[in-house]
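A closer look at the structure
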Amino acid sequence: MARALAITLALIVVVTCGLFVVHPWWFPDPISTAASAIDRQFAMTFAVCGVLFALAQGTMAWFVWRYQGSRRRAEIRDGRGNGRMEPAWAAMVLLLFVSLGAAGYRVWARDVSQGPAPGALRVEVWGEQFAWYFRYPGPDGHFGPTHPDQMNDGTGNYLGLDRDHDAAARDDIVAATLTVPAGQPVELVLRSKDVIHSFFVRELRIKQDATPGSISSIRFTAERTGRYEIVCSELCGLGHYKMHADLDVVTAEEFQAWLVKQAQSQ
Ligand SMILES: [Cu+2]
């Protein structure tokens with residue numbers, strides 16, 4: 001029985017480490033400038049945790065194998081622990097996770113959550129059960145105020161804009177697709193109309209909550225044109241599974257043409 005347990009433990013280590021090395025399931029190719037730094041952070045975290053996992057589980061398998069049927073069984077079973085080793089282990093684990101957290105925070109703060117870069121395109125991202133809407137400020141560069149009492153999906157006034165009375169809202173563009181030009185920094189301002197949603201694009205390696213009553217901002221620069229999927233990664237209700245939209249990364253010329261077309265259709 002003890003041998004079977006030791007072999008099972010060893011197999012778990014080998015198979016798990018094999019999956020980490022081969023990683024048959026992984027993110028699609030990155031498309032943003034910050035993604036490579038985030039990928040490096042992922043790889044480092046996996047490597048550190050993987051080595052510790054293999055050491056801990058491997059040692060356990062060896063102990064089970066080595067000490068099965070030992071005469072010191074009773075002594076082992078009644079072990080009282082080690083008053084010096086245990087706090088030292090706990091401190092090392094704490095130090096390790098705080099260090100990994102600090103390194104990850106540095107990457108995130110520098111590349112994603114720091115304020116907008118000069119010349120950034122500002123876009124509001126609104127989550128609602130169960131759709132995403134994207135607002136561009138128009139030529140005046142200002143978002144008009146939103147009026148919750150005027151929000152009406154039936155009439156297409158998803159964000160409660162009052163274009164007749166608010167000058168800044170007149171040229172705002174509201175779209176169901178997030179279209180951005182390649183190579184230009186983009187600042188997304190995340191907002192929610194109802195419950196917590198989470199904006200996630202795998203190719204950008206960015207996931208950030210959209211929380212009702214608060215505003216969070218993230219930034220990215222997409223380098224490769226194409227269509228990518230935006231999903232909601234926070235369970236937000238029965239229709240959560242179908243809450244997604246498209247991110248279209250286009251050339252600067254295509255983006256200008258798209259803006260003109262959207263402005264006409266508002
Ligand atoms: Cu959701």
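Once a new chain begins, its residue numbering starts again from 1 and follows that chain's sequence as written. For a predicted model such as this one, the threshold for reporting local features is a pLDDT of at least 70, and the threshold for listing and counting side-chain atom pairs is 80 or more; totals across whole chains, interfaces and linings nevertheless cover every residue. Based on all heavy atoms of the structure, the side-chain values leave hydrogens and waters out of the count.

Looking now at a nonpolar patch on the surface. Together, Phe20, Val21, Val22, Trp26 and Phe46 give the surface a local cluster of nonpolar side chains, amounting to about 510 Å² of exposed area. With 3 residues, the top contributor of residues to the nonpolar patch is helix 1 (residues 2-22). Counting from the N terminus, the helices are DSSP H or I runs at least four residues long and the strands are E runs at least two residues long. The residue Phe46 is located in helix 2 (residues 35-66) in this model. Exposure above 30% relative accessible area and no salt bridge define the residues that can form patches, which grow by joining like charges within 9 Å and nonpolar side chains of Val, Leu, Ile, Met, Phe, Trp and Tyr within 5 Å. Here the open area of atoms and residues is found with the Shrake-Rupley method and a 1.4 Å probe, where only the protein chains shown may cover a residue. We define a salt bridge as a side-chain nitrogen of Lys or Arg found within 4 Å of a carboxyl oxygen belonging to Asp or Glu.

Moving on to the sheet that holds strand 3 (residues 173-175). Two pairing modes exist for strands in a sheet, parallel and antiparallel, and in both the strands are linked by backbone hydrogen bonds. The pairing criterion for strands is at least two bridges between them, as found by DSSP. Across the sheet, which stays open at both edges, the 5 strands sit in the order 3-2-1-5-8 with mixed pairing between neighbours. The sheet is open, and its two edges are formed by strand 3 and strand 8 (216-220), each paired on a single side. With direction set aside, neighbouring strand axes in the sheet form an average angle of 25°. Whether two residues touch is decided by their heavy atoms; if any such pair falls within 4.5 Å, the residues are in contact. Helix axes are fitted only over the stretch in contact, all axes being lines through C-alpha atoms; the angle between N-to-C directions runs from 0 to 180 degrees. Sheet contacts for helix 5 (residues 252-265): strand 1 (121-128), strand 2 (131-136) and strand 3; angle to strand 3, the most-contacted strand, approximately 100°.

For Val14, the location among the structural elements is in helix 1. We call a residue buried when its accessible area falls under 20% of the maximum for its residue type, exposed when it is over 50%, and partly exposed in between, using a 1.4 Å probe and counting protein chains only. Classification of Val14 as exposed rests on a relative accessible area of 56%. Each C-alpha atom of the pair Val14 and Val250 lies 44 Å from the other, and the pair is 236 residues apart in sequence.

Bringing the environment of Trp62 into the picture now. Secondary-structure assignment places Trp62 in helix 2. With 59 residues separating them along the chain, Trp62 and Arg3 place their C-alpha atoms 9.9 Å apart.

Further remarks concern the domain arrangement of the chain. Residue ranges for the domains trace back to a domain assignment, done automatically or taken from a database. Domains assigned within the chain are domain 1 (2-69 + 84-113) and domain 2 (121-265). Each of domain 1 and domain 2 has a C-alpha centre, and the two are 36 Å apart. Buried area between domain 1 and domain 2, both sides added, is near 1500 Å², and the carbon and sulfur share of it is 55%. When the area that domain 1 buries against domain 2 is broken down by residue, the three leading residues are Pro28, Ile31 and Val112, summing to 41%. Where domain 1 meets domain 2, there are 1 salt bridge. N or O atoms within 3.5 Å of each other form a polar contact, as long as, within protein, one can give a hydrogen and the other can take it, and as long as residues adjacent in sequence are counted only when both atoms are side-chain atoms. Where domain 1 meets domain 2, there are 8 residue pairs in polar contact (both at pLDDT 80 or more). Values labelled buried area give the accessible surface lost by two parts on being combined, using a 1.4 Å probe and summing over both.

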